[in-house]
Amino acid sequence: METMLYAAELVREDGVYKLVVKDVVRDTVQVTPVPESMVARLPTFLSVLSSKLGRGRR
């Protein structure tokens, strides 16, 4: 059985990207601005992370 611990969203508001992370256990939310250059590299970062962890995509 899976238990969600965190939920993350990348949103764009008024041209600014923000990473919104909700800690489901503690019921808290953190919002961090993210540069557009990092947003463009996100798919590559996730691919590298998956390969290092030895897991495929879900």
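A short tour of the structure in this document, coming up. (Residues numbered from 1 in each chain as written. Predicted model: local features only at pLDDT ≥ 70, side-chain atom pairs only at ≥ 80, totals over all residues. Heavy atoms only, no water.)

Structural notes on the environment of V31
- Looking at the element boundaries, V31 is found in strand 3 (residues 28-34).
- Through-space distance from the C-alpha of V31 to that of V21 is 6.5 Å; in sequence the pair is ten residues apart.
- Those residues in contact with V31 that sit more than four places away from it in its chain are K18, L19 and V20. (Helix = DSSP H or I, 4+ residues; strand = E, 2+ residues; numbered from the N terminus. Contact = heavy atoms within 4.5 Å.)

Digging into the side chain of D23
- Of note, D23 is situated in strand 2 (residues 16-23).
- A relative accessible area of 8% means that D23 is categorised as buried.
- Side-chain polar atoms of D23 contact the backbone nitrogen of V25, separated by 3.1 Å.
- When neighbours within four sequence positions are excluded, D23 is seen to be in contact with L5, Y6 and T28. (Buried < 20%, exposed > 50% of the residue type's maximum accessible area, 1.4 Å probe, protein only. Polar contact = N/O pair within 3.5 Å; in protein donor to acceptor, adjacent residues only side chain to side chain.)

Here we look at the pattern of salt bridges
- Counted according to the given criterion, the structure contains three salt bridges.
- For E13, the salt bridge goes to K18, with nearest N and O atoms at 3.7 Å.
- The class of E13 is partly exposed, set by a relative accessible area of 43%.
- Between R26 and D23 there is a salt bridge, with the nearest N and O atoms lying 2.9 Å from each other. (Salt bridge = Lys/Arg side-chain N within 4 Å of Asp/Glu carboxyl O.)

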